[in-house]
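Structural overview for review
Now for the letters of each chain:
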Amino acid sequence: MSAVELYTKGTQVWIPHAEIVWEAAELLEDYTLSKKSISVFTASKETKVLTIKTENDLPYLMNPRILLGENDLTALSYLHEPAVLNNLQYRFCQKNYIYTYCGIVLVAINPYTELPIYNIDTIQTYRGQSLGNLDPHVFAVAEEAFTKLEREQRDQSIIVSGESGAGKTVSAKYTMRYFATVGGSTTETQVEKKVLASSPIMEAIGNAKTTRNDNSSRFGKFIELQFNKQFHIIGASMRTYLLEKSRVVFQAPDERNYHIFYQLCSAAKKLPHLQLDHQSKFHYLNQGNSPTVAGVDDSKEFEETVIALNLLGFSEKEQDDMFKIIASIIHIGNIEFTDSIIKVENEQDQEGCAIKQNDKHLQIVSNLLEIDEKEMREWLCTRKLISMRDVYLKPMSVQDATTARDALAKHIYSALFNWVVLMINRTLESEVQRHRFIGVLDIYGFETFEINSFEQFCINYANEKLQQQFNLHVFKLEQEEYIREGIEWKMIEFYDNQPCIDLIEAKLGILDLLDEECKMPRGTDSSWTEKLYGKCSKYPHFSKPRFGTSAFVVNHFADKVQYESDGFLEKNKDTVIEEQINVIRCSTNDLVRKLFNPESQKLAPPRTKLKVISAKPMPSTQKTHKQSVCSQFRDSLNKLMTTLNATTPHYVRCIKPNDSKAAFEYEPKRAVQQLRACGVLETIRLSSAGFPSRWTYIDFFYRYRVFCKSRDIIKTDIKKTCEVILKKCIKDSSTYQFGKTMIFFRAGQVAYLEKLRADKLKECCIMMQKTVRMFICRKKYLRIRKSAALIQRYGRGVLVRRLAQEIRRTRASIKIQKYVRGWLKRIQYQRLRRSILGIQTRARGFMARLKFLRLKQNAAAIVIQKHVRGWLARRSYKEKIRKIIICQSAIRRYLARRQYKKLKIEARSIEHVKTLNKGLENKIISLQQRIEGLNKTNSELKGYQNEVHDLKLKLQSFKSKELEIKNLNNLLIEKNKLIEKLEGDIKTERDEKMDLINEQDRIKQDIENQQKLWSQETAKLREELENMNEIVRANEKGAEENLKVRLEEEKLLIINETDSDREAYQRLLNEYHNLEQYCEELKSQIKAQGYQGLHKRNISDLSSISAIDEVLLTANVPEDYGYGSVRSTVSNSSARERLEDVNWKIEGASENHTPSTSDTTTNQEVEASIEQQIIDVEPSSDLTKADVSLVIRLQHKLSTSERERLRIQKRLDELDLSPKVEKAKTEAEYLARISEMELINSQLNEQLIDLQNSIKEGNGLQQLHKQLATAQNELQRRSEEIIQLKSILAEQTNNMKTILNSKTHTGEYINEDGELAQAYETQKTINKQLELEIQDEKAKYLAYEKELKLEIEKLQEDNDRQQRILSANLLGSGQTQEMAFMQFEINRLTTENLDLRDRIDSINENLRKFKKREKLLLKKLKEAGFDLANDTHIKTNGAVITSRNEPTIRKKDRAYLGMFSFKQGDENIIMKQLLNIKPRTAVTLLPGLPAYIIFMCVRYTDYINDEEKVKLLLSSFSNSLKKIIRKRLSDFETTALWLSNVVRLIFTMKQYSGEKAFQTNNTPKQNDQCLRNFDLSEYRQVFTDHTIWIYQGVVKNIREKIQSLIVPAILEHEEIPGISGNKPSGSRSRLGSSSSINSPTGSQKPTTLLLQELTNHHKILCYYGVDAGIISQIFQQIYYFMCATSLNNLLLRKELCHWSKGLQIRHNLSHLEMWPREKNLDEAAIQSKLQPIIQAAQLLQARKSKEDVESICEMCSALTPPQICKILNLYTPVDEFEKRVPSDFIKQVHAKLQERQDNADHVLLDVNHHYSVRIAFTPSDICLEDIEIPESINLPMLVKL
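All figures in this text were calculated on a predicted structure; none of them were measured in a lab. (Residues numbered from 1 in each chain as written. Predicted model: local features only at pLDDT ≥ 70, side-chain atom pairs only at ≥ 80, totals over all residues. Heavy atoms only, no water.)

**As for the overall build of the chain**
Rule in force here: Only DSSP runs of H or I with at least four residues qualify as helices, and only runs of E with at least two residues qualify as strands; both kinds are numbered from the N terminus onward. Only protein chains enter the accessibility calculation, which uses a 1.4 Å probe; a residue is then buried when its area is under 20% of its type maximum, exposed when over 50%, and partly exposed in between. In what follows, a contact means two residues having at least one pair of non-hydrogen atoms within 4.5 Å. Note on areas: Shrake-Rupley, 1.4 Å probe, and residue coverage restricted to the protein chains presented here.
Assigned secondary structure in the chain consists of 49 helices and 30 strands. Counting over 1841 residues, the chain shows a buried share of 40%. Across the chain, the fraction of contacts at a sequence separation of at least 24, relative to all contacts at a separation of at least 6, is 73%. For the chain, the accessible area works out to roughly 109000 Å², and carbon and sulfur atoms hold 54% of it.

Here it is in structure tokens:
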């Protein structure tokens, strides 16, 4: 294959470009050897001419489009720089894939955004997968390292490198997270947390913001994750390299110091003793002018750092000391120096510097470091010089002092950094010896800046060493691959950078000369540079710069780097003034003293044993030489390389896509620089130098079989067939090699084969298109011809029919016109007539209304005139009358005045006076006589007046009593009024009720009338309804469907809610069992380690029921003496049917009261009455044990009822004596006194009436005297009583006063301060409060008394009713003597019957043993040769026993009750025998036999009503079951056996619980066998929990069996080999990759193997009798696991996402869909679990155009939007004939999917998700009385009853 064949017109090539590095172009002409130039058309629409001198100048060829976006760069056909750049850019920008393989290297591009690809689901998906099976990921590299650690038992290392901002730290962090997850220890769960917690601490003290990265690691670290033999993480250690100390004192613009400084400043308020402030006020923090990081809160980061420090064991004292040291470094930067003149005695003054006396920062530093401020002030400004004889103190200049200050700050920070690393290592180290380790190296990549200094030189030196190790490793793997395949190969030349390393570290190399110059007293950077020019010029990798003499150039593997020598010597020396360190060593702070103590072994590696020897005096003149920085770095780097060479390395190369930190932006220039620097292109060059493309023979044949004919195919030897194909296609045999399993191709050969294949397929397509187009055209012609003839025939017919139709229409139209015209005229006439009549009518009406209006107005005017004229006449009349009265008044006034004057004159005359005084003398005499008479009468009246006064006094006393009587009368009147009011209310209510009754009658009548109307209307509507029925029937189906859909939706919502609750509960249950198992493992480990002093728990203490017991014990359950979940239900047993046909009910039993089993008191009278009533028993009848138990329980119930009655009666008696009763008595007394007062009142009323009558009769005075005498006697009596009471009260008061005023024996007054009086008053108030409380309590007691009385009445009624029922059922006649006799006989016969049954049982047991021994003896006789005849008989005591060969008839002795009796203490033995049944033995028995046996034992305990026994039995079963399952959880048959039995036990407990919900399918006999005394519902819940645990174990076992079969059977299997047409990925396996997990091999198909596994497990479940519903749920969970596993693999495997593979996956899934149908399982539920993977396969097959967006979204209802978009992004055509999915189409699909209501955001399915388990009740038709215990179980202690 020559260049002429490849470089033809239209070929795609790559040409250099100034900005984007490489640009795509297309050849415009064919290339020939004679041409010196070639024209190309670029992607930027330009035509360029390329000069071609030789074939090496030809442009790079572009790979086929189908190879675009490959996961592995080495799988590209053309391996060169533009292909690598283009593939990375396409994956990163178009598909947003940040990881890509390049052979053994993982290329990781920093996306500068968060991606959801690091969750726990992703970790679980990559667990167990080989490198290359899934999409590239850092987890895949970590899994590869972990798998090799397990299989090869060799240490591993992961080398993460890249420049600052490329994402090294994040990649290393996720790698450690993966190891912490998959290597999690079951015993030390805190180790992984501590390993991950070290990251925040190291980021805080070692990371800083740079111009390239906001979180740049400024040191290198190598973390060892240590594993034990079980490959669990037991510890870790860390080694650091080359911390950038210069950043502590200087930061470039837009950069900042280490994060911890800013975190402390943000927490300044929380740590006031550090005296910090805003970071802008400190010199060491404000030089970069960039104090913040976007999106980062330093205060929150500080809290996370503190949390990590606490987790790693840093004490609060250590943290505080550490913060003090860091704060002191901040304050050191603010110490300022000023120029000053230093005066020295006897010497000349010297220039120097000084620190201000009031410099607060120096004081703060001294306080924080706890050092002497004076000494530190002195040595910060002065330096000590030691000569051979003298010691000189030299003042330093400001510049020198500043340099020394900065050196001190750097030294302090470096020491603190090393101490933190040491403490972390001590915390992470483990006492257990490590088995292997995995190292994660996070180290800086190759760096080159405009100005490169000492740090860049060390970094690039380390990268040279790492690159050399990388080259050797890649070369080694490449050559091993060729040797393993047995192909001929030549030594591949690769870049060896050993000369560059020799230049740096050899003798008289750069480092050696640097150390030598540092030892020189007056060595400078310039002199060292001159030495380099002289000594190192012989090295080809060393050169001088063009300009200047202060730099040198080193030609590294990545690029030439020019280093400025300024500062090399100072940084290499790393000198600090010793006196300053001595001052700090004298600190009183322990941590500060430890950091700078030269004798401390603080940097010793973990677990280093220090040898302690006695101290010897050292000579004071001995001087220790400090090792230079480059020497330390070289030694540590050599140790690192030794460690890496002893491990298997894995490489992660991090790439920074742009400098602006923009998300998913790609700058080709920056990328190509890093690819060259990190060795990726070197890997490509090594691969392209050999045979980069590899194909297995079978894959090559399926891909390129189009090149050979059928006769060329050798089916028995595919290798020869491939040789034939290659000989036809490729003439040069040196471009390929045949290996043992693969064909190896040179670079570009696969692309050439693809070109030939595409041409071949194109020819075939043209041939097919030609034939198909001819066929389509001929079919089209014939169809058109046939259609034309048919159209003509039908057209002619149409024309004739149209003519006839036209004639008929013309005739009809004329006739229609005639009638229409006549109709129009008639209509016109009628309209005109109606209009005229209407006009006349309206006109006449209008005239009549006008006339009426005129008449109406005239009449109104007349009325108005009438009223107005009347008003005017009345007004005129009133005016005239007023004027007449005024005139009369004036005249009369005049006449009166004239008369007055005349009388006045007459009065003044004497004659008039005399006439008036006549007769006055006579009048005076008569008046004197009358006065004398009146005086006599007056004296008599005075005597009477005195008597009246006395009577008035007496009347006043009576009046006061009369007022009291009136008040009582008023009360009576008010009560009478109240009674009248109530009677009125009752009357009104009665009237209202009568009105309501009348209204009800009326409403009824109205309703009847309305019903008649409705019936008539109904009859009418029925007809309409019948007419509408047809329409309704058409819509009825749709309405029913809508209703069904609505009901189904509501049902699904309810089911989902229930399932979510059940899933949460079962998840907690699973965690609980895991914790239990974890505790068991801890106990076993403790026992193994020999800890004897620990507390041990009994087996019964381990029961899960103990938790339930605690809850029940703390609960307020009244009088419940049962165990935990077993409560005595004697009082509730009335709802269940009895063993015999007795109609028995106890309706009045208390539901909350359960009598104690220990109570033995009985009521003899009740028992005697019962014994007298039992006469309906025949002596000859066969009494069973059930009859006796019935009577005993009857007696027991009546006795308990009677005891309850007596208890309540006693309680009532107590209540009678309570204060409540006393209050009632006092109230009765008060009522009696009121009645007495009413009598007195009535007597007084009578006396008053008599007094009034007597006054009227005239003898009122006598009557009054009598009443007064009576009243005085009564008053005297009452006053005497009052005097006596007052005297008693006064005496008591005096006694109290004498006590209060008396003195004690010491002479002090008792109530000196009035304390007793106050106490007395206080006591009175307390008594009042107590009285109030007593009254409240009395009210409560009154209510309680009423309730008890009602209860007594109910109990009395129930007791009477029970007695009547007993008498009705048990009383036959009235012969009491016979009843007593029969009762005696019953008791005697019952006792004898029980004894006889025990004897019979023991005899039967002995007989069974004897028969067994007889069989053994007969077998031994037969083996000895004594064969007995078949008809031989053995006579024993006259009875003949036939031999064992004859059939025998077994006689049923008696009817069994369906229970097994056992003795107390046999519970553990029974459970041990039952749970030790072997699964193979259990298959031959009745399914669920152990469950039936356990329940029959429970029935026995219920029969004898022994709560303790049932508690021990069920607890023993629960504990034993947990032990056997925990021990044999991995044994599928054992778990299946006990899953079946525990479920059957739960169903049996439900079936015989007596609950009606579970009795619908029971027989009458089964209903009789229900439990009577115990409620086991809570125990059912406990066993349900055990069932879920066993169910999860069964599912786990099946998952482990089929896990390795899922992906091959569903995704990889091809029914027709080669149909998928895999694209030419080259089948390049990962170099050094571990093999995948044991995949199924052999002749059988993976699908067949998977179905066989499912069938085998299904058979086992069926054999052991597992419920069908449980089996269906098990396989629902298994199908979900298969779907999740296959879908997760599909989402992470790009090569599977194409059309043909979707077709194959759908075919493989069809086998799984048919399997549940064949096994009669729940087909719909199981198949629904496969819907996600089914829809994914359909999505691969679906058409992907813009018109199909909606249909795709509807089709993929079970997939989440991220999953759909992920599949569309992964979709890759196999051939060039198929187009890729456009990005616009994916965006449209994504936008459409956002309209969903339940938009989930997860990509991968949770493989460990568990659906909730539903245990549906299934009754059993097996009779308990028919169950026998086989001898193989060995349970002789159980006796069947």
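Having seen the model, we can carry on.
**Structural notes on a nonpolar patch on the surface**
For clarity, the threshold we go by: Within this analysis, patches are made of residues with over 30% relative accessible area and no salt bridge. Like charges are joined at 9 Å or less; nonpolar side chains (Val, Leu, Ile, Met, Phe, Trp, Tyr) at 5 Å or less. Put simply, a salt bridge is a Lys or Arg side-chain nitrogen that is within 4 Å of an Asp or Glu carboxyl oxygen.
Where nonpolar side chains cluster on the molecular surface, the patch consists of Val-772, Met-774, Phe-775 and Ile-776 and spans about 410 Å² of accessible area. With respect to the helices and strands, the residue Phe-775 is situated in helix H25 (residues 749-907). Here Phe-775 falls in the exposed class, since its relative accessible area comes to 52%.

**Some points on a negative patch on the surface**
Our working rule: Working convention for charge: Lys and Arg count positive, Asp and Glu count negative, and His plus the chain ends are omitted. The location of each charge is read from NZ of Lys, CZ of Arg, CG of Asp or CD of Glu.
On the surface, Asp-985, Glu-989, Asp-991, Glu-992 and Asp-995 cluster together into a negatively charged patch. Taking relative accessible area as the criterion, Asp-991 reaches 37% and is therefore assigned partly exposed.

**Focus on the sheet that holds strand E24 (residues 742-745)**
What counts here: Criterion used throughout: strands pair if DSSP finds at least two bridges between them. Orientation is described by axes fitted as lines to C-alpha atoms, over the contacting stretch for helices, and by angles from 0 to 180 degrees between their N-to-C directions.
A sheet is described by the order of its strands in space; here three strands give the open sequence E22-E24-E23, paired in antiparallel fashion. Looking at strand neighbours, the two that pair on one side only are strand E22 (693-696) and strand E23 (736-738), the edges of this open sheet. Adjacent strand axes in the sheet meet at a mean angle of 20° when their direction is disregarded. Of the pairings in the sheet, the one linking E22 to E24 comprises four bridges and is antiparallel in character. Within E24, the position partnered with Ser-693 by the bridge is Phe-745.

**Side note on helix H35 (residues 1467-1475)**
The line we're drawing: Regarding the arc, it is the one traced by the directions from the helix axis to the C-beta atoms.
Of the positions making up H35, those classed as buried are Glu-1467, Ile-1470, Met-1471, Leu-1474 and Leu-1475. Here the buried residues of H35 occupy an arc of 115° about the axis, which is enough to place them on one side. Residues of H35 that are exposed and point over 90 degrees away from its buried face: Asn-1468 and Lys-1472. Packed against the buried residues of H35 are helix H37 (1489-1504), helix H38 (1507-1527) and helix H39 (1532-1551).

**Details of the nonpolar core**
For clarity, the threshold we go by: Each nonpolar core is a collection of buried residues, namely Ala, Val, Leu, Ile, Met, Phe, Trp, Tyr and Cys, held together in the definition by side-chain atoms within 4.5 Å.
Membership of the largest hydrophobic core comes to 321 residues, with the highest contact counts inside it found for Phe-179, Phe-261 and Phe-552. When residues no more than four places from it in sequence are discounted, the contact partners of Phe-261 are Val-248, Leu-285, Ile-326, Ile-329, Ile-330 and Tyr-413.

**Comments concerning the confidence of the model for the chain**
Defined as follows: A score from 0 to 100, pLDDT tells how confident the predictor is in each residue.
When pLDDT is averaged across the chain, the result is 77; 77% of the residues are at 70 or more. Counting interchain partners and residues more than four positions distant, the pLDDT-below-50 stretch residues 1371-1375 has nine contacts. Note that residues 1626-1642 has pLDDT below 50 and, in this model, 50 contacts with residues that lie over four places away or in other chains.

**Concerning helix H15 (residues 510-519)**
Across the ten residues of H15, seven count as buried, placing the element largely inside the fold. Inspection of H15 places Ile-510, Leu-511, Leu-513, Leu-514, Asp-515, Glu-517 and Cys-518 among the buried residues, and these make up the whole buried set. Against helix H13 (454-485), helix H14 (498-505), helix H16 (525-535), strand E19 (551-555), helix H17 (568-573) and helix H20 (629-645) lie the buried residues of H15.

**Here's the deal with the packing of helix H44 (residues 1699-1718) against helix H46 (residues 1731-1741)**
Which entries qualify depends on this criterion: Any angle between 65 and 115 degrees counts as roughly perpendicular, while under 35 counts as roughly parallel, over 145 as roughly antiparallel, and the rest as oblique. In this scheme the crossing of two helices becomes right-handed for a clockwise turn of the near helix relative to the far one and left-handed for an anticlockwise turn of less than a right angle. The residue classification treats Ala, Val, Leu, Ile, Met, Phe, Trp, Tyr, Cys and Pro as nonpolar and Asp, Glu, Lys and Arg as charged. All others, Gly included, are polar.
With their axes 8 Å apart at the nearest point, H44 and H46 run at an angle of 150° to one another. Relative to H46, the element H44 is oriented roughly antiparallel. Seen from above, H44 lies across H46 with left-handed handedness. From H44, Trp-1699, Gly-1702, Leu-1703, Ile-1705, Arg-1706, Leu-1709 and Glu-1713 reach across to H46, where they touch Ile-1733, Ile-1734, Ala-1737, Gln-1738, Leu-1740 and Gln-1741. Along the lines of polarity and charge, the residues of the contact of H44 with H46 split into eight nonpolar, three polar and two charged.

**Some details on the pattern of salt bridges**
For the structure shown, the criterion picks out 44 salt bridges. In this structure, Glu-517 and Lys-531 form a salt bridge, with 2.8 Å as the shortest nitrogen-oxygen distance. With a gap of 14 residues between them, Glu-517 in helix H15 and Lys-531 in helix H16 connect regions that are remote in the sequence. Residue class for Glu-517 comes out buried when judged on its relative accessible area of 3%. According to the relative accessible area criterion, Lys-531 is partly exposed, its value standing at 28%. Notably, a salt bridge pairs Arg-1706 with Glu-1713, separated by 2.7 Å at the nearest N-O pair. Classification of Arg-1706 by relative accessible area gives partly exposed; the value is 23%.

**With respect to unusual backbone geometry**
Positive phi is not limited to glycine here, since Gln-275 has a value of about 55°. Positive phi values are uncommon outside glycine, yet Phe-664 reaches one of about 55°. Looking at the element boundaries, Phe-664 is found in the loop between strand E21 (648-655) and helix H21 (668-677).

**A closer look at the sheet that holds E19**
The strand order across the open sheet built from three strands is E18-E19-E20, with neighbouring strands paired in antiparallel fashion. The open sheet has two edge strands, strand E18 (542-543) and strand E20 (560-564), and neither has a second partner. When E18 meets E19, the two strands line up antiparallel, connected through two bridges. Following the sheet pairing, Ser-543 is matched in E19 by Val-553. The strands that H16 touches are E18 and E19; relative to E19, the one it contacts most, it runs at about 40°.

**Topic: the side chain of Ser-1686**
To be explicit about the condition: Here a polar contact is taken to be a pair of N or O atoms separated by no more than 3.5 Å, where protein atoms must pair a possible hydrogen donor with a possible acceptor and residues adjacent in sequence count only if both atoms sit in side chains.
Within the secondary structure layout, Ser-1686 lies in helix H43 (residues 1668-1691). In terms of polar contacts, Ser-1686 uses its side chain to reach the backbone carbonyl oxygen of Met-1682, at 2.8 Å. When near neighbours in sequence (up to four residues on either side) are disregarded, Ser-1686 contacts Ile-1606, Ile-1610, Leu-1611 and Ile-1733.

**A look at the packing of aromatic side chains**
Put simply, the rule reads: Only the six-membered ring of Trp is used, alongside the rings of Phe and Tyr, when aromatic pairs are assigned; centres must lie within 6.5 Å, and planes under 30 degrees apart are stacked while those over 60 apart are edge-to-face, with the rest tilted.
Inspection of the entire model under this criterion finds 41 aromatic pairs. With centroids separated by 5.2 Å and ring planes inclined at 70°, the aromatic side chains of Phe-219 and Phe-417 adopt a geometry described as edge-to-face. Placement of Phe-219 in the loop between strand E10 (216-217) and strand E11 (220-227) and of Phe-417 in helix H12 (residues 398-428) is noted, with a sequence separation of 198 residues between them. Assessed through its relative accessible area of 3%, Phe-417 is described here as buried. Taken together, a centroid distance of 6.0 Å and an interplanar angle of 70° make the contact between Phe-552 and Phe-568 edge-to-face.

**Quick notes on the state of the cysteines**
Counted only if it meets this: Pairs of cysteine sulfur atoms within 2.5 Å are what we label disulfides.
One pass over the structure, following the stated rule, counts zero disulfides. With no disulfide of its own, Cys-381 lies closest to Cys-353 among cysteine sulfurs, the gap being 4.1 Å.

**Points about the environment of Thr-1548**
Relative to the helices and strands, Thr-1548 is located in helix H39. Each C-alpha atom, one on Thr-1548 and one on Ala-1491, is 8.1 Å from the other, the two residues being 57 residues apart in sequence. Residues contacting Thr-1548, with those up to four places away along its chain left out, are Tyr-1492 and Phe-1495. Looking at Thr-1548, its side chain comes within polar contact range of the main-chain oxygen of Arg-1544, at 2.6 Å.

**Details of the packing of helix H23 (residues 697-704) against helix H24 (residues 718-729)**
In contact at an axis separation of 9 Å, H23 and H24 are set at 45° when each is read in the N-to-C sense. In terms of orientation, H23 and H24 fall into the oblique class. You can see that H23 and H24 cross each other, and the crossing is left-handed. Contact residues: Tyr-697, Ile-698, Phe-700, Phe-701 and Tyr-704 in H23; Ile-718, Lys-719, Thr-721, Cys-722, Ile-725 and Leu-726 in H24. Taken together, the residues that form the contact of H23 with H24 break down as nine nonpolar, one polar and one charged.

**What about the pairing of strand E2 (residues 21-27)?**
Where burial is concerned, most of E2 is hidden: five out of the seven residues are buried. Examined bridge by bridge, strand E1 (residues 12-17) and E2 share six bridges and lie antiparallel to one another. When the bridges of E2 are listed, His-17 appears paired with Val-21. The turn joining E1 and E2, which pair antiparallel and follow one another in sequence, is formed by three residues. In this structure, E2 lies alongside strand E3 (residues 37-42), joined through three bridges in antiparallel fashion. Bridge pairing links Ala-25 to Thr-42 in E3.

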